[in-house]
Amino acid sequence: DLCIQRAKQKSELNAFITLTEEIAENHAIESEKRTYIDKKMRPLEGITIAIKDNFCTKNIPTTCASNMLKNFVPTYDATVYSRLINSGACLVGKSNLDEFAMGSGTVDSIFGPTRNPWFSSEDWKISGGSSGGSAVSVSSGSCVAAIGSDTGGSTRNPAALCGVIGLKPTYGLVSRYGLIPLVNSMDVPGILARNIDDTTKILNCVAGPDTLDATTVKKPFKPINITDIDLSQIKIGIPVEYHCEGMSTEVIGLWRHIADLLENEKCQIQSVTLPHTSVSIAAYSILNQCEVASNMARYDGLEFGLRTSEDYSTEELYASTRCIGFNNVVRSRIFAGNYFLLTRNYEKYFLKALRLRRLISDDFNKVFNGPNSVDLLLTPTTLTDAPTYNDFTSKHNRDQCALQDYCTQPANMAGIPAVSIPIRVSTNNMPLSLQLMGPAFSEQVLLNVAKRIE
Ligand code: GLN
């Protein structure tokens, strides 16, 4: 009740597309009736959550912030959502995003942009994205935790800019069933919460094999346990290539400061190299656009979603539906993806990008498994603190949009887990965060070290 009230009070932030007041009320009534034993069996009993509006929720609209799905009501639940509900969690609402999760600002939603709740005297700041609604719902106190999706940084980026934890689990650890796809080979459900303990509790409820998603690993999931680990046993690498152009001196200073603090705690810190980092953005963009072109083909105005009244020919219906249904970002990605997939371009772009992806993955493998290996990597999450809406949407920055994902997106290329941890506020009074990355399925150590940094 209090969470719904809070969400309404903070409606100017535009974190939610749909508030599920009735569901939350019914949950509270049912919860009252449960016995103590019942409640103990459900680790999230009464915990309020928000779910990004690209996860299917039965009988609750799921719009992807797009005209194409504005009136779409799924007939089934995403696995992540059903696992949370079965664990006792209570849905406050479906949160705002960039259309079809394409973006890093939550500025491209048909429902309008989501605002960063952190105080700023100037123009208002963006929340980051594309899971901006999820980050703001947690940061502004409308729920305890939220689910986002992370294809190139969409959970970690808004978490960093709004001052909350953002976890991208290993690809295959958490089911994608019911998550409307962006890039199937990189999409992962992400978790946003105020601290590592809450993040871990949510992960423990949603992770593990799912027969409905063939890419989940078959091995049963061993719940993560937060303990007081001995930092002198942990080696942390600082990848030199993550010092990139456009990174603010404040972010670099913070990165150095935390590395020093960890060293004081007897952690072993060393410089490492991930030589293919600088090509990651270009390779990611090509793979992203190719998969988008293929994924979006299902929205043809015939089977489901929007259908315009064009009745001259099927071709015209198809074209006008997609023209009205999608924004410019989505349409341009479809266009570029189809170009890269033409027979004459396939080898030159798509296959080359796949090869680069392999090299990026190998870079991480060498650092984690080669001689002189490290357990984790420490980097910034974003290059700066949250920009203002006007700055972010200026033409120049639009063209540079992919740079926002410079530090986050290689982890998706390699499928490895990463967590963004808020550290302190900048001179602009906005949150600054750092990221830890680890080898596949290293969530146990990743979250335990994160706990020591938070
Ligand atoms: N900003 C990236 C993109 O637009 C990542 C999006 C995401 O992780 N969903 O593709």
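These figures come from a predicted structure and were not determined experimentally.

(A) Geometry of the sheet that holds strand β9 (residues 376-380). Ordered by their spatial adjacency, eleven strands build an open sheet running β1-β3-β2-β4-β6-β5-β10-β11-β9-β7-β8, and the pairing between neighbours is mixed. Every interior strand has two partners, whereas the edge strands, β1 (16-19) and β8 (268-272), have only one. Geometrically, the sheet is characterised by an average inter-axis angle of 30° between neighbouring strands, direction not taken into account. Sheet topology note: the strand β2 (residues 48-52)/strand β4 (residues 145-150) ladder contains three bridges and is parallel. Counterpart to Ile-49 in the pairing with β4 is Ala-145. Contacts from helix α16 (residues 443-453) reach β9, β10 (418-425) and β11 (431-437) within the one sheet, and its direction differs from that of β10 by about 0°.

(B) Region of the structure containing the nonpolar core. Formed by 118 residues in total, the largest nonpolar core has its most connected members in Ile-49, Ala-145, Leu-192, Leu-376 and Leu-436. If sequence neighbours within four positions are ignored, Leu-192 has contacts with Ser-131, Ser-134, Ala-135, Val-138, Ala-145, Ala-146, Gly-148, Thr-155, Ala-159, Val-164, Ile-165 and Gly-166.

(C) Summary view of α16. Looking only at α16, the buried set comprises Glu-443, Leu-446, Leu-447, Val-449, Ala-450 and Lys-451. Where α16 is buried, its residues touch α7 (196-206), β9, β10 and β11.

(D) Main features of helix α9 (residues 277-295). With 19 residues, α9 ought to run about 27 Å at 1.5 Å a step, and its terminal C-alpha atoms sit 27 Å apart, in line with that. Buried residues along α9 sit in contact with β7 (235-239), α11 (328-340), α12 (343-369) and α15 (409-414).

(E) Spatial organisation of the confidence of the model for the protein. Looking at the protein, pLDDT values average 94 and 99% of them are 70 or higher. Model confidence for the complex: the whole-complex pTM is 0.96, and ipTM, which rates the interface, is 0.98.

(F) Fine view of the environment of Ile-334. Structurally, the position occupied by Ile-334 is in helix α11. In the structure, Ile-334 is positioned 39 residues away from Asn-295 in sequence and 9.1 Å away in space, judged by C-alpha atoms. In this structure, Ile-334 is in contact with Val-292, Ala-293 and Met-296, ignoring residues within four places of it in sequence.

(G) Seen up close, the site of the ligand. Ala-101, Ser-104, Thr-151, Gly-152 and Ser-154 are the nearest of the 14 residues found near the ligand. Counted by class, the shell around the ligand contains three nonpolar, nine polar and two charged residues.

(H) Up close: the pairing of β10. By the criterion of burial, β10 is predominantly enclosed, with six of the eight residues buried. Of the strand pairs in this sheet, strand β5 (residues 165-168) and β10 are connected by three bridges, and their pairing is antiparallel. The partner of Gly-166 across the bridge, within β10, is Ser-420. Relative to β11, β10 runs antiparallel, the two being bridged by seven bridges. Within β11, the position partnered with Ile-421 by the bridge is Leu-434. The hairpin turn running from β10 into β11, its antiparallel successor, is five residues long, and Asn-429 in that turn takes a positive phi close to 70°.

(I) A look at the packing of α9 against α12. Two elements in contact, α9 and α12, have axes separated by 9 Å at closest approach and are oriented at 130°. Here α9 is positioned oblique relative to α12, judged by the angle of their axes. Crossing angle aside, the handedness with which α9 passes α12 is left-handed. Mapping the contact onto sequence places Val-279, Ser-280, Ala-283, Ile-286, Leu-287 and Cys-290 in α9 and Tyr-349, Phe-350, Ala-353, Leu-356, Arg-357 and Ile-360 in α12. Within the contact of α9 with α12, the residues separate by chemical class into ten nonpolar, one polar and one charged.

Basis of the calculations
Residues numbered from 1 in each chain as written. Predicted model: local features only at pLDDT ≥ 70, side-chain atom pairs only at ≥ 80, totals over all residues. Pairing = 2+ DSSP bridges. Helix = DSSP H or I, 4+ residues; strand = E, 2+ residues; numbered from the N terminus. Axes fitted to C-alpha atoms, helices over the stretch in contact; angles between N-to-C directions. Contact = placed C-beta atoms within 7 Å. Core = buried A, V, L, I, M, F, W, Y, C linked by C-beta atoms within 7 Å. Buried ≥ 20, exposed ≤ 12 C-beta atoms within 10 Å, placed from the backbone. Expected span 1.5 Å × (residues − 1). pLDDT = per-residue confidence, 0-100. Near = placed C-beta within 6 Å. Nonpolar A, V, L, I, M, F, W, Y, C, P; charged D, E, K, R; others polar. Parallel < 35°, antiparallel > 145°, perpendicular 65-115°, else oblique. Left-handed = near helix turned anticlockwise from the far one by under 90°.

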